[in-house]
6 protein chains.
Amino acid sequence: MKVAVYRKEHFNAAHRLHVSSWSQEENEKAFGLCNNANFHGHNYTLIVKVIGEPDKVTGYVIDLKVLSDLIKKHIIKKFDHKNLNLDVPDFKTINPTAENIAVVIWNILRKEIDKNLELKVTLYETERNFVEFPAS
Amino acid sequence: MKVAVYRKEHFNAAHRLHVSSWSQEENEKAFGLCNNANFHGHNYTLIVKVIGEPDKVTGYVIDLKVLSDLIKKHIIKKFDHKNLNLDVPDFKTINPTAENIAVVIWNILRKEIDKNLELKVTLYETERNFVEFPAS
Amino acid sequence: MKVAVYRKEHFNAAHRLHVSSWSQEENEKAFGLCNNANFHGHNYTLIVKVIGEPDKVTGYVIDLKVLSDLIKKHIIKKFDHKNLNLDVPDFKTINPTAENIAVVIWNILRKEIDKNLELKVTLYETERNFVEFPAS
Amino acid sequence: MKVAVYRKEHFNAAHRLHVSSWSQEENEKAFGLCNNANFHGHNYTLIVKVIGEPDKVTGYVIDLKVLSDLIKKHIIKKFDHKNLNLDVPDFKTINPTAENIAVVIWNILRKEIDKNLELKVTLYETERNFVEFPAS
Amino acid sequence: MKVAVYRKEHFNAAHRLHVSSWSQEENEKAFGLCNNANFHGHNYTLIVKVIGEPDKVTGYVIDLKVLSDLIKKHIIKKFDHKNLNLDVPDFKTINPTAENIAVVIWNILRKEIDKNLELKVTLYETERNFVEFPAS
Amino acid sequence: MKVAVYRKEHFNAAHRLHVSSWSQEENEKAFGLCNNANFHGHNYTLIVKVIGEPDKVTGYVIDLKVLSDLIKKHIIKKFDHKNLNLDVPDFKTINPTAENIAVVIWNILRKEIDKNLELKVTLYETERNFVEFPAS
């Protein structure tokens, strides 16, 4: 029977919400303070969930130390202390909402984790605003 | 593919657990201290989850500022700093357990949110006792 | 040299803020929603701090199990699942603000704890509103 | 319609990760610091989730006081302030990873809870490493 | 006798640590990732502490609703969803470390709060890095 | 004027409370479950507080990255995933209560931090039991 394992990591980043094909007025109306031209920022909390059958000998679905190292190598190094709009190429053409950041992170990690294991990410932009992909 | 977004809000309310068709002894046996005739109270934490596809341009499933305003208008204004048994008509005939409060909140919010979006509510009565509707 | 030890406990209570010598208008102006005649409520979190020298043999300032039992016997039993205004005689003549509740708790516990030990209480009415007595 | 209810409890235990059929080198390679021969320990947080239809009269899926007492009787008494490897027979032949502890707890509680109610457990080994069984 | 009251608020901001009179190398050596030219950001948590004697009638040291409104008017409006280096004049000539932000906030609030009341601020840059001014 | 800066770290350890000069009965009476011969364990949370004047140029009291590295080198490496009674020589002759662990940590760190800076440590054994040294 399958067990889900979770690892929580953190990164701190600047961003702004902005649709480049829109006018300044449209952007301000849609995104309000989040559209500030000089950016604002967040302490993002990332929870990565992996589902599979525990190994009969070790009792691990995946070694959480290994999962933590994968997240640090592929996500934290790329996102932490960065400006998501300017420093992370994935957001050159898409708006760095929490929803889009979660999908980008999932796509990166999906390539690094055994295909027999299911993957889900939860991303907290603040303690009160958070997202999950894929939704369940 | 679908993303879930979450918004956390708070309200503080008094309540008592009580079945009016029961004797005092039956109520005390079933609900113990929670049946105190003069009420007790809680800091309720409400998490509203909405599932849908992010808009291709904005990257939003639903603007969490809009969701927060809906919750404040339809739930917080009605429940916060109130006595659930005496001040909230929804509990005139049903017992304000966490389960029933969550169902009442879901029914109110379901009418306010686009039918293409799935809705779920989680309600914390205390940090250690909480409920989710619909269950998943 | 002195060490401080802390024990965290919880109680859930109803209350209203109300000055009986004032008119309804004065009370509403001063206390707003907190003056609701039918009460509202909170999950109060209480942190009791005791300062002293650790015993040279046991290494305890005070056994935190003993401190927890004292708090449960003298505070939790009296305040939990109660209406502070109606059920707790200490608030017959004083307004149950967080400040006053903290002072009442301190006065009760001060009599139960060795005079050689310093005592302080912190009381959370919500996660965002809390008080400390005596102030430091 | 079904509601999920949750109860959070705690226990503090020592353990080590170790496969008795492996050499010391294999164990150190697989489990690192977690293989320390003298054990280490954790404050485990256990969340038990029960899904069912609320009773039409009481509004309870299950009385959370009853659920809490079941957890204390069958789990906390057996695991709290214990050495999982030495004091808990369930781990004589299986490695006390978070995955395996969660499955053991689920198997114990499953026998104590009405068959019409679904059961799930979440176990936090640390704030950043946690598991869920069965996975969803 | 004096009671301390506390109010917790939040703001989200971008910043970079940078000393303009230093070379790029000196800045990178001193501040590492925090010196990123395109900024990064945080969810700052601000706790404002006010010490005084509770009013004998109301039981308030200061109405925490009033304190919250003061913080929102003078601090949150100025700092939230801003770039501290570019949008907040107070940091034109001083480096926006947590220490300096806390002192700037204290100086702003000190002018708005009754001189008979003591004032202290605690600022969390992350859950693991925080500062307090004045120190006690 | 002085600012306090804080850094939070974690370690997971096994221990038992035991006075070797006492009989088994005396130990059981004094320490109850905490005296279990096979040990139990905790996720300890350590908060290190350093007070000083921020540097006029950098704005730092002490670089929290430097403080974090000091804590990791001198405390975490020595305590994490260890048995405090068996693996840490400091507790060969003293009982590893939270009070004594905090004093031991303070004594180790005091030698590593500039004498012009004040030092204090807070140690959480559980979320509900914690200690501070020196007391304030």
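Residues numbered from 1 in each chain as written. Chains lettered and ligands numbered in written order. Predicted model: local features only at pLDDT ≥ 70, side-chain atom pairs only at ≥ 80, totals over all residues. Heavy atoms only, no water.

Visitor: Please clarify how the overall build of chain A should be interpreted in this entry.
Guide: For chain A, the helix and strand inventory stands at four helices and five strands. Secondary structure of chain A in N-to-C order comes out as β-α-β-α-β-α-α-β-β. Its C-alpha atoms give chain A principal-axis dimensions of about 60 × 25 × 25 Å. Across chain A, every contact between residues at least 6 apart in sequence was considered, and the portion connecting residues at least 24 apart equals 66%. Surface accessibility of chain A: about 5800 Å² in total, with carbon and sulfur atoms responsible for 53%. When the 19 positive and 18 negative side-chain charges of chain A are each reduced to one mean point, those points stand 3 Å apart. (Helix = DSSP H or I, 4+ residues; strand = E, 2+ residues; numbered from the N terminus. Contact = heavy atoms within 4.5 Å. Areas by Shrake-Rupley, 256 points an atom, 1.4 Å probe, with all protein chains shown as cover. Lys, Arg positive; Asp, Glu negative; His and termini not counted. Charge placed at Lys NZ, Arg CZ, Asp CG, Glu CD.)

Visitor: Any chance you could explain unusual backbone geometry here in plain terms?
Guide: Backbone phi values are negative for most residues with the exception of glycine, while trans is the configuration of most peptide bonds. That bond from Phe-133 of chain E to Pro-134 of chain E is cis: its omega, -5 degrees, falls within 30 degrees of zero. Positioned with a positive phi, His-81 of chain A is a non-glycine residue whose angle comes to about 60 degrees. With respect to the helices and strands, the residue His-81 of chain A is situated in the loop between helix H2 (64–79) and strand S3 (82–83). On the basis of relative accessibility, which here comes to 10%, the residue His-81 of chain A falls in the buried class. (Buried < 20%, exposed > 50% of the residue type's maximum accessible area, 1.4 Å probe, protein only.)

Visitor: Could you clarify how one ought to interpret the side chain of Asn-12 of chain D in this entry?
Guide: Relative to the assigned elements, Asn-12 of chain D resides in strand S1 (residues 3–15). Taking relative accessible area as the criterion, Asn-12 of chain D reaches 10% and is therefore assigned buried. Setting aside residues up to four positions removed in sequence, Asn-12 of chain D forms contacts with His-42, Asn-43, Phe-79, Asp-80, His-81 and Lys-82 of chain D together with His-40, Gly-41, His-42 and Thr-126 of chain F.

Visitor: Can you walk me through the arrangement of the chains in this structure?
Guide: Chain C shows no contact with chain D. Their nearest C-alpha atoms sit 14 Å apart. Spatially, chain B is disjoint from chain E: no contact exists, and the shortest C-alpha separation is 14 Å.

Visitor: Which parts of the structure should I look at to understand the side chain of Thr-122 of chain B?
Guide: All names here are of chain B. Note on placement: Thr-122 falls in strand S4 (residues 118–124). Judged by relative accessible area, which is 15%, Thr-122 ranks as buried. In this view, Thr-122 contacts Thr-45, Leu-46, Ile-47, Phe-130, Val-131 and Glu-132; residues no more than four positions away in its chain are not counted.

Visitor: Help me out: how do you make sense of the relation of the copies chain E and chain A in this one?
Guide: Here the two chain copies are tied together by a rotation about an axis and a shift along that axis. It takes a turn of 180 degrees to lay chain E on chain A, together with a shift of 0.0 Å along the axis; the resulting RMSD is 0.0 Å. Each copy turns onto its partner about a two-fold axis. Both copies present the same face, since 100% of the interface residues in chain E are matched by interface residues at the equivalent positions in chain A. (Least-squares fit on C-alpha atoms with pLDDT ≥ 70 in both.)

Visitor: Help me understand the relation of the copies chain E and chain C, please; the structure alone is not making it clear to me.
Guide: Of the transformation placing chain E onto chain C, the axial shift is 0.0 Å and the rotation is 120 degrees, giving an RMSD of 0.0 Å. Within this description, the copies of the chain are treated as partners about a three-fold rotation axis. Within chain E, Ser-136 of chain E has its C-alpha nearest the rotation axis, a separation of 4.7 Å.

Visitor: Please clarify how the interface of chain E and chain A should be interpreted in this entry.
Guide: Taken together, the contact between chain E and chain A spans 20 residues of the former and 20 residues of the latter. Across the interface of chain E and chain A, roughly 1600 Å² is buried in total on both sides, 51% from carbon and sulfur atoms. Area buried by chain E at its contact with chain A is led by Asn-38, Asn-43 and His-81 of chain E, which between them contribute 35% of it. Linking chain E to chain A there are zero salt bridges. Of all the elements, strand S2 (residues 40–52) of chain E adds the most residues to the side of chain E that touches chain A, at four residues. Among the residues making up the side of chain E that touches chain A, the classes are represented as six nonpolar, 10 polar and four charged. (Buried area = accessible area lost by both parts, 1.4 Å probe. Salt bridge = Lys/Arg side-chain N within 4 Å of Asp/Glu carboxyl O. Nonpolar A, V, L, I, M, F, W, Y, C, P; charged D, E, K, R; others polar.)

Visitor: Explain the pattern of salt bridges here, please?
Guide: Oppositely charged side chains are able to pair whenever their charged atoms sit close together. Considering all chains together, one arrives at 36 salt bridges over all chains under this definition. Across the pair Glu-9 of chain D and Arg-128 of chain B runs a salt bridge whose closest N-O atoms are separated by 2.9 Å. Of this pair, Glu-9 of chain D sits in strand S1 while Arg-128 of chain B sits in the loop between S4 and strand S5 (129–133), each in a different chain. We classify Glu-9 of chain D as buried; its relative accessible area is 2%. Arg-128 of chain B sits in the partly exposed class, given a relative accessible area of 21%. A salt bridge links Arg-7 of chain F to Glu-9 of chain F; its shortest N-O distance comes to 2.8 Å.

Visitor: What is the right way to look at helix H2 (residues 64–79) of chain E in this model?
Guide: An α-helix turns once every 3.6 residues. As a result, residues three or four positions apart point the same way. Along its length, H2 of chain E reaches its greatest deviation from straightness, about 40 degrees, at Lys-72 of chain E. Every buried residue of H2 of chain E is accounted for by Leu-64, Leu-67, Ser-68, Leu-70, Ile-71, His-74, Ile-75, Ile-76 and Phe-79 of chain E. Contacts from the buried residues of H2 of chain E go to strand S5 (129–133) of chain C together with strand S1 (3–15), S2, strand S3 (82–83), helix H3 (84–87) and helix H4 (98–110) of chain E. Here H2 of chain E starts with a cap whose side-chain oxygen sits 2.9 Å from the backbone nitrogen of Lys-65 of chain E, and that cap is Asp-63 of chain E. Just downstream of H2 of chain E, His-81 of chain E is the residue with a positive phi angle, here 60 degrees. (Bend = angle between axes of the 7 residues up to and from the residue. Polar contact = N/O pair within 3.5 Å; in protein donor to acceptor, adjacent residues only side chain to side chain.)

Visitor: Which parts of the structure should I look at to understand the interface of chain E and chain C?
Guide: Many analyses report the size of an interface as the accessible area lost when the parts associate. Every contact between the two is made by 22 residues of chain E and, on the other side, 20 residues of chain C. For the chain E and chain C pair, buried surface summed over both sides reaches about 1800 Å², with 57% attributable to carbon and sulfur atoms. Among the residues of chain E in contact with chain C, Tyr-6, Lys-8 and Tyr-60 of chain E are the three that bury the most area, contributing 28% of the side total. Note that Lys-8 of chain E and Glu-127 of chain C form a salt bridge whose closest N and O atoms lie 3.5 Å from each other. Our count for the chain E to chain C interface comes out at 12 residue pairs in polar contact (both at pLDDT 80 or more). Where the side of chain E that touches chain C is concerned, the elements lending two or more residues are S1 and S2 of chain E. Considering each element in turn, the side of chain E that touches chain C owes the most residues, eight residues, to S1 of chain E. When the residues that make up the side of chain E that touches chain C are grouped by side-chain class, the tally is 13 nonpolar, three polar and six charged. Two strands pair when backbone bridges link them, and S5 of chain C and S1 of chain E are joined in this way by four bridges, in the antiparallel orientation. Bridging across to S1 of chain E, Asn-129 of chain C finds its partner in Arg-7 of chain E. (Pairing = 2+ DSSP bridges.)

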